[in-house]
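Notes for the structure review
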Amino acid sequence: MALDTEISLRNQVMYCVFVRNYSEEGTFEAVRKDLDRIRSLGTDMIWFMPIQPTGQVHRKGSLGSPYAIRDYRAVNPEFGTMDDFKKLVKDIHEKGMKCIMDVVYNHTSPDSVLAKTHPEWFYHKPDGSLGNRVGDWWDVVDLNYDAGEEMWQYQIDTLKMWAEIVDGFRCDVAPMVPLAFWERARREVAEVRPGCLWLAESVEPPFVAFNRSRNVRTSSDSELYRAFDMTYEYDLKDEFTGYFMGTKSLADYSHAINLQECIYPENYVKLRFLENHDMERAHDLIRDDKALRNWTAFAFFQKGIALIYNGQEAECTHRPTLFDKDTIDWSYLRESSIPALMTKLSEIKKNPVFKDSFYETTALPNDVMMAVHRPVNRSAAGAMEGEETGGPKMALGFFCLGGKNSLVQVGQLGLEDGAYTNVIDGKELIVHQGRLPLDGEPVVLLV
């Protein structure tokens, strides 16, 4: 696993930008002008979806998928120049944030520089033509990492080139690229960028099983932690989506979350999100305003780094297509309560209790999720960090995921009757006879 992963990543917030549809201009400069607003949400790190040129052959839509890259070592001229990107990253750094960029190393566009100059580095179908191993990805062709040393070194040298500019990489469908490649890449890139950050787009367990049944090499999340600092939480995707579809219960979802504490390395970091470019908008899925605030608060409260996908803070219901010009509608931002909530949640997330804890969730009646962070003291076995430092002995979260009022039993948590402060909104809450009334808004207690 990545032994040097900093668990302080669990205190951080990441913001994802798709340059093409972020603004009408669709440029690096337009993003640069909005950095103060992005930072105001509590953002620690910005992730740019692919910024390289998009292929012309077999395009999806009018502009093509950003994940069908034509040249790994260039920037999309529609977004600006390489100097424009460097200027943008410089400003990100000056505002106290880090920057990571997408790496799409499983495949390229059919007309990519590498497909033209090194067709022997690609997967070939039985008829000898270039192809891919996932049928609906018909706009790309797969690389073949059995091609040899020259291909591996080219890919790693490309990472080193970008590591001179950015602080890390989000690696697209990372499980389908050999783990040995990522381990070597991590070691070599560290020579250029010590502390480089690595985020894997890990995939759903059924997809891992499906690929393996076809003899397509695919790494599990547990394996990926050997090379990566962070992985997606797609291991929960069936339970998350199943809850909204009525095929899974909140208890099923809670159980899947709790399993992460025992099946991953002790310093595991998960990327926590309600939406991303491959999912429906959170506000499209969760139409009730109170419920949306609760789900947002729960995502930030969870153990791991919180992700904001551009437009999520504006409560957008439309997910922009990846294949055409489809600018985010920012008009809702003026009336949304979500930005202020995210800012406060980001502040709360900086508390050390969220960095090194044992994390557990419990599904309660009336669609309430209770979550608890209990600090772990690595230097004194058996002693709570809060007991020694004066910090919180635990962080308690109560999330009315249906947006409804509720009354929850809290005596089993050791909460004595009395007054407590909800650190999200500063309101006083009263525990009486071991019960806590909830008004449908999210609650976080540091006790």
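Above this text sits the structure in question.
Each chain carries its own residue numbering, running from 1 in the direction its sequence is written. With the structure being a predicted model, the display of local features is reserved for residues of pLDDT at least 70 and the display and counting of side-chain atom pairs for 80 or more, all residues being used for whole-chain, interface and lining totals. Side-chain numbers here rest on the full set of heavy atoms in the structure, without hydrogens or water.

Every other side chain in a regular strand lies on the same face of the sheet, so the side chains alternate between the two faces. Because side chains alternate across strand 14 (residues 406–409), one face comprises the buried residues Ser406 and Val408, and the other comprises Leu407 and Gln409, none of which is buried. By this definition, two strands are paired if DSSP reports at least two bridges between them. Here a strand is any run of E in DSSP of at least two residues, a helix any run of H or I of at least four, and the numbering for each starts at the N terminus. As judged from the 4 bridges shared by strand 14 and strand 17 (residues 435–438), these two strands associate in the antiparallel manner. In the strand pairing of strand 17, Val408 is matched with Leu436. Note on classification: 1.4 Å probe, protein chains only; a residue is buried when its accessible area is under 20% of the maximum for its type, exposed when over 50%, partly exposed between these limits.

Our focus in this paragraph is the sheet that holds strand 10 (residues 305–309). Ordered by their spatial adjacency, 8 strands build a closed barrel running 1-2-3-6-7-8-9-10, and the pairing between neighbours is parallel. The mean angle between the axes of side-by-side strands here comes to 25°, regardless of whether they run parallel or antiparallel. For strand 8 (residues 230–232) and strand 9 (residues 269–272), the ladder comprises 3 bridges, and the chain directions are parallel. Counted as the bridge partner of Met230 is Val269 from strand 9. Angles shown run from 0 to 180 degrees and are taken between the N-to-C directions of axes, each axis being a line fitted to C-alpha atoms and, for helices, limited to the stretch in contact.

Centre distance within 6.5 Å is the pairing criterion for rings of Phe, Tyr and Trp, where only the six-membered ring of Trp is used; planes under 30 degrees apart are then read as stacked, over 60 as edge-to-face, and the remainder as tilted. Applying the stated criterion across every chain, the model contains 34 aromatic pairs. Here Phe240 and Trp295 contribute two aromatic rings whose centre-to-centre distance is 5.6 Å and whose plane-to-plane angle is 85°, an arrangement assigned as edge-to-face. Taken together, the residues span a long stretch of sequence, with Phe240 in helix 10 (residues 237–245) and Trp295 in helix 13 (residues 289–301) at a distance of 55 residues. For the pair Phe240 and Trp295, one class covers both residues: buried. Within the aromatic cluster, the residues linked to one another by ring pairs are Phe240, Tyr243, Phe244, Tyr253, Trp295, Phe298, Phe301, Phe354, Tyr359 and Phe399. Geometrically, a lysine NZ or arginine CZ counts as sitting over a ring once it is within 6 Å of the ring centre and also within 35 degrees of the ring normal. Taking NZ or CZ as reference, Arg10 lies 5.6 Å from the ring centre of Tyr268, over its face. Lying across the ring of Tyr154, Arg73 places its NZ or CZ 3.9 Å from the centre.

With respect to the element layout, Asn106 can be found in the loop between strand 3 (98–103) and strand 4 (107–108). Residue class for Asn106 comes out buried when judged on its relative accessible area of 1%. Under the rule applied, a polar contact is a pair of N or O atoms within 3.5 Å (in protein, one hydrogen donor and one hydrogen acceptor; residues adjacent in sequence only if both atoms are side-chain atoms). Here Arg133 takes part through its side chain, which lies 2.9 Å from a polar atom of the side chain of Asn106. For this analysis, residues touch if any pair of their heavy atoms sits within 4.5 Å. Asn106 has contacts with Arg133, Trp137, Val141, Asp142, Leu143, Val173, Met176 and Val177, leaving out every residue within four places of it along the chain.

Let's shift gears to the pattern of salt bridges. One speaks of a salt bridge when a side-chain nitrogen belonging to Lys or Arg is within 4 Å of a carboxyl oxygen belonging to Asp or Glu. Counted according to the given criterion, the structure contains 33 salt bridges. Of the charged contacts, one joins Glu29 and Arg32 as a salt bridge, the two residues approaching to 2.8 Å between their closest N and O atoms. Linking Glu29 with Arg32, this pair stays in helix 2 (residues 28–32), spanning 3 residues, or about one helical turn. For Glu441, the salt bridge goes to Arg293, with nearest N and O atoms at 2.6 Å. Separated by 148 residues along the polypeptide, Glu441 in the loop between strand 17 and strand 18 (443–446) and Arg293 in helix 13 bring together distant segments of the chain. Across this residue pair, the class does not change: Glu441 and Arg293 are buried. In this structure, a network of salt bridges that share partners links the residues Glu149, Lys160, Arg184, Glu188 and Glu191.

Judged by nonpolar contacts, the single largest core of 115 residues is most densely connected at Met14, Phe48, Phe85, Phe169, Trp182, Trp198 and Phe298. A total of 8 residues in this core trace back to one element, the largest contributor, which is helix 13. Ignoring anything within four residues of it in the chain, the contact list for Trp198 reads Leu159, Phe169, Cys171, Trp182, Ala185, Arg186, Val189, Ala227, Phe228, Asp229 and Met230. Listed in part, the 19 residues of the second largest apolar core include Leu396, Leu415, Tyr420 and Val431. Only buried residues count toward a nonpolar core. Its members are Ala, Val, Leu, Ile, Met, Phe, Trp, Tyr and Cys residues joined through side-chain atoms within 4.5 Å.

What follows is about the layout of surface pockets. Site definitions follow a grid-based scheme: protein atoms alone, a 1 Å grid, a 1.4 Å probe that fits but cannot get out for cavities, and for pockets an open set with protein on both sides within 12 Å along at least five of seven lines, plus lining residues having an atom within 4 Å of a point. Grid points are joined across faces, edges and corners, and a volume is the space filled by probe spheres set on the points. In this structure, the largest pocket spans a volume of roughly 460 Å³. Lining of the largest pocket is provided by 21 residues; of these, Trp137, Asp172, Val173, Glu201 and Asp278 occupy positions nearest its centre. Its residues placed into classes, the lining of the largest pocket shows 9 nonpolar, 4 polar and 8 charged. Computed from the structure, the second largest pocket encloses a volume of approximately 250 Å³. Surrounding the second largest pocket, 17 residues form its lining, Glu6, Gly195, Cys196, Leu197 and Asp229 being those nearest its centre. Three classes are used: nonpolar for Ala, Val, Leu, Ile, Met, Phe, Trp, Tyr, Cys and Pro, charged for Asp, Glu, Lys and Arg, and polar for all others, with Gly counted as polar.

All right, on to empty space enclosed by the protein then. Under the definition given, this model contains 7 cavities of 30 Å³ or more. Taken as a whole, the largest cavity spans an internal volume of roughly 80 Å³. If you go around the largest cavity, the residues you meet are Glu233, Tyr234, Leu236, Lys237, Phe240, Tyr253, Phe273 and Met279. Looking at the lining of the largest cavity, its residues break down into 6 nonpolar, no polar and 2 charged.

Now for the environment of Asn276. Checked against the element boundaries, Asn276 lands in the loop between strand 9 and helix 12 (282–285). Judged by relative accessible area, which is 1%, Asn276 ranks as buried. Taking the C-alpha atoms as reference points, Asn276 and Asp84, separated by 192 residues in sequence, lie 25 Å from one another. In this structure Asn276 touches Tyr232, Tyr234, Leu307, Tyr309 and Arg319, once residues within four positions along its chain are discounted. Within the structure, Asn276 has its side chain in polar contact with the side chain of Tyr234 (distance 3.2 Å).

Turning our eyes to something else, we now look at the sheet that holds strand 11 (residues 357–364). The 4 strands lie next to each other as 11-12-13-18, forming an open sheet whose pairing is antiparallel. At either end of the open sheet lies a strand with only one pairing partner, and these are strand 11 and strand 18. The average undirected angle you get between the axes of adjacent strands in this sheet is 15°. Across 4 bridges, the pairing between strand 13 (residues 395–400) and strand 18 is antiparallel. Considered in strand 18, the bridge of Leu396 is made with Leu445. Helix 11 (residues 250–263) contacts strand 11 and strand 12 (368–375) of the sheet and is inclined by roughly 170° relative to strand 11.

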